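Architecture and fold: a report
The primary structure of each chain is shown beneath.
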Amino acid sequence: MGVTVVPTPSHSLPTTVGQLRAAGHEPRSVKAELRDNLLDALRAGRDPWPGIVGFDRTVLPQLERAIIAGHDVVLLGERGQGKTRLLRTLAGLLDEWTPVIDGAELAEHPLDPISPAARRRAAELGDELPVAWLHRSQRYTEKLATPDTSVGDLIGDVDPTKVAEGRSLGDPETIHFGLVPRAHRGIVAINELPDLAERIQVSLLNVMEERDIQIRGYTLRLPLDVLLVATANPEDYTNRGRIITPLKDRFGAEVRTHYPLEVAGEIDLIRQEAQLVAEVGDHLVEVVARFVRHLRESASVDQRSGVSARFAIAAAETVAAAALRRAALTGEPEAVARPVDLEAVPSVLRGKLEFESGEEGREHEILEHLLRRSVADTARGKLAGLNLRSLAEAVTDGHPVATGERVPASEVLAALPELPVLHEVAARLDIKPDQPAGWIASAVEFALEYLYLSRQLGKDADDEMTVYG
């Protein structure tokens, strides 16, 4: 198991309640803390949501209004829309350090203890009550809702060990606190909330409204201070499970998420998230982005389950992996992706998609068709207005170009005579003349693939090689 490293305060902070009170510290609720820090960031022009792409004009304004209003929030959207990633950025809006009672079971404020044990210590020690400082990274708690989640996991249960020590079952100090009370003065995120059994969802009602907890027949009044946020998939919302009506009513805001609305947003997301083991040019990243968008619009793909942003990321990583493997096979020193590497995407990632019931057996054909459309659409935008006639004439008049996973870039380039239009193609793709041969070969293949798709130049294909000409 890994160890979480938490930074230590960079300056001296109060270590007792007396020092904390002398410093003029005032307790703030977690929702007030989030609201104040969000407004400070907006006024200063700082980005409160680092790493979040494509939500600037849609999701983020709604979420910001919910935070300012002090609402608990449920994010509703298909898989792979960045819901969990967005919730995790909420922790960045908390104060970097916050005081807690040192040694307390819950993260209680030294000036506002809530548990019987902490109140007793505060009364006994007075100004000498020790203070520790909690980093904001430890104030975000996340739970994946699963069918086996119990009330004890979320809220708590009677601790038999404490009962065995002589305490009565009615004693509040016999309780072993669950995840939600332990997140006091922090954020609780529940992923896939509809997957929680309905009787478990009921246990959250008092936490969200009355801010107390009920365990095995008696109520413990704990003025819990938490922001409860959750995610849900619309398919799960209506089919596999649901959020019970009283719980839905207690969420102050329901915010709908979405996939990137523009190709540029999809490209930014791929560039930010994909771990690429080889160089992949912008033109090929755009092909992947357009491919994912075509999948989301296709009647052959089950849109109820969605086409996750993870598909686009995995597709780009697959293209890079294909380029690195090809470089190893051909002995090329530089691994640069070429259009031939796109052919790996349908086979590798077909299992990440759900197709409509009438499309059995046609999955690969559908994916290849949409991938070709994506190449054509990208090339049309990149090479619009460029006269490629000289390239078309060269490959049909004795200069066929062969490509494949065992064909190095040098052979692709050697097959063609010197053509000024190829320099123009490279320039359109932001490829410099002094870049390695793999980049130039990628541009040449891209133009040839566009010619094939738009003018249907002869193409003979087998498992090893494609020949243009």
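Residues numbered from 1 in each chain as written. Predicted model: local features only at pLDDT ≥ 70, side-chain atom pairs only at ≥ 80, totals over all residues. Heavy atoms only, no water.

1. A closer look at the layout of surface pockets
Quick note on the threshold: Buriedness for pockets is judged along seven lines, at least five of which must meet protein on both sides within 12 Å for an open set on the 1 Å grid over protein atoms alone, while cavities are sets there where a 1.4 Å probe fits but cannot get out, and lining residues have an atom within 4 Å of a point. Grid points are joined across faces, edges and corners, and a volume is the space filled by probe spheres set on the points. Put simply, DSSP marks the helices as runs of H or I at least four residues long and the strands as runs of E at least two long, and each gets a number from the N terminus on.
In this structure, the second largest pocket encloses a volume near 540 Å³. The wall of the second largest pocket is formed by 27 residues, among which Gly-80, Gln-81, Gly-82, Lys-83 and Arg-85 lie closest to the centre. Looking at the lining of the second largest pocket, the elements with two or more residues in it are α4 (83–89), α13 (263–273) and α15 (309–330). In terms of residue count, α4 provides more of the lining of the second largest pocket than any other element does, four residues in total.

2. Some words on the confidence of the model for the protein
What counts, and what does not: Values of pLDDT, ranging from 0 to 100, describe the predictor's confidence in every residue of the model. Contact criterion: two residues are considered in contact whenever any of their non-hydrogen atoms come within 4.5 Å of each other.
Across the protein, the average pLDDT comes to 88, with 88% of residues at 70 or higher. The model gives residues 1–5 a pLDDT under 50, and that stretch makes zero contacts with residues more than four places away or in other chains. Within the model, the stretch residues 457–465 combines pLDDT values under 50 with 23 contacts to residues more than four positions away or in other chains.

3. Observations regarding the packing of α13 against helix α14 (residues 282–297)
The criterion, for reference: Structural elements are reduced to axes, namely lines fitted to C-alpha atoms, with helices fitted over the stretch in contact, and the angle between N-to-C directions of any two is expressed from 0 to 180 degrees. For a crossing to be left-handed, the near helix must be turned anticlockwise from the far one by less than a right angle; the clockwise case is right-handed. Residues are grouped as follows: nonpolar covers Ala, Val, Leu, Ile, Met, Phe, Trp, Tyr, Cys and Pro; charged covers Asp, Glu, Lys and Arg; every other residue, Gly included, is treated as polar.
Running from N to C, α13 and α14 cross one another at 115°; their axes reach a closest spacing of 9 Å. Remark: the crossing between α13 and α14 carries right-handed chirality. Facing Val-263, Glu-266, Ile-267, Ile-270 and Arg-271 of α13, the residues of α14 in contact are Asp-282, Val-285, Glu-286, Val-288, Ala-289, Arg-290, Val-292, Arg-293 and Arg-296. Split by residue class, the contact of α13 with α14 holds seven nonpolar, no polar and seven charged.

4. Some points on the pattern of salt bridges
For clarity, the threshold we go by: The salt bridge definition used is simple: a Lys or Arg side-chain nitrogen within 4 Å of an Asp or Glu carboxyl oxygen. The rule is simple: take the accessible area with a 1.4 Å probe, protein chains only, and divide by the maximum for that residue type; under 20% is buried, over 50% is exposed, in between is partly exposed.
Enumeration over the complete set of coordinates arrives at 22 salt bridges. The residue Glu-286 makes a salt bridge to Lys-382 at a minimum N-O spacing of 3.6 Å. Taken together, the positions of Glu-286 in helix α14 and Lys-382 in helix α17 (residues 363–383) put the pair 96 residues apart, joining distant regions of the chain. Among the residues examined, Glu-286 registers a relative accessible area of 10% and is labelled buried. The salt bridge partner of Glu-359 is Arg-362, with a shortest N-O separation of 2.3 Å.

5. What about the pairing of strand β11 (residues 253–256)?
Regular strands place side chains that alternate from one sheet face to the opposite one. Short version of the rule: A pair of strands is treated as paired once DSSP finds two or more bridges between them.
Judged by which residues are buried, β11 turns out to be one-sided: Ala-253 and Val-255 face inward and are buried, whereas Glu-254 and Arg-256, on the alternate face, are not. The pairing of strand β1 (residues 73–76) with β11 spans four bridges and is classified as parallel. The residue bridging Leu-76 from the neighbouring strand is Arg-256, located in β11.

6. With respect to helix α18 (residues 389–396)
This is how it is decided: The arc in question is the one spanned by the directions pointing from the helix axis to the C-beta atoms.
For α18, the complete set of buried residues consists of Leu-391, Ala-392, Ala-394 and Val-395. Buried positions in α18, seen along its axis, are confined to an arc of 160° and lie on one side of it. A positive backbone phi angle near 105° is found at Gly-398, which sits one or two residues after α18.

7. Some thoughts on the nonpolar core
Using the following cut-off: What we call a nonpolar core is a set of buried Ala, Val, Leu, Ile, Met, Phe, Trp, Tyr and Cys residues that are connected through their side-chain atoms within 4.5 Å.
Counting residues in each nonpolar core, the largest one holds 71 residues, and the members touching the most others are Leu-295, Leu-383 and Leu-391. A per-element tally of this core places helix α21 (residues 437–455) first, with eleven residues. Core analysis: the next-biggest nonpolar cluster, separate from the first, contains 33 residues, Leu-179, Ile-213, Leu-222 and Phe-251 among them.

8. Overview of the packing of α14 against α15
Here α14 crosses α15 at 140°, and the two axes come no closer than 9 Å. Crossing geometry of α14 relative to α15 is assigned as right-handed. Along the contact surface, α14 presents Val-288, Phe-291, Val-292, Leu-295 and Arg-296, while α15 presents Ala-309, Phe-311, Ala-312, Ala-315, Ala-316 and Val-319. Split into classes, the residues belonging to the contact of α14 with α15 amount to ten nonpolar, no polar and one charged.

9. Side note on the sheet that holds β11
The strands making up a sheet associate through hydrogen bonds between their backbones, and the pairing can be parallel or antiparallel. With respect to topology, five strands assemble into an open sheet ordered β4-β7-β10-β1-β11, the strand pairing being parallel. Among the strands making up the open sheet, the edge pair consists of β4 (140–144) and β11. Taken over all neighbouring pairs, the strand axes of this sheet differ in orientation by 20° on average, direction set aside. Examined bridge by bridge, β1 and strand β10 (residues 226–232) share four bridges and lie parallel to one another. Residue pairing in the sheet places Leu-76 in a bridge with Ala-232 of β10. Strands β1 and β11 of the sheet are contacted by helix α3 (residues 59–69), whose axis makes an angle of about 170° with β11.

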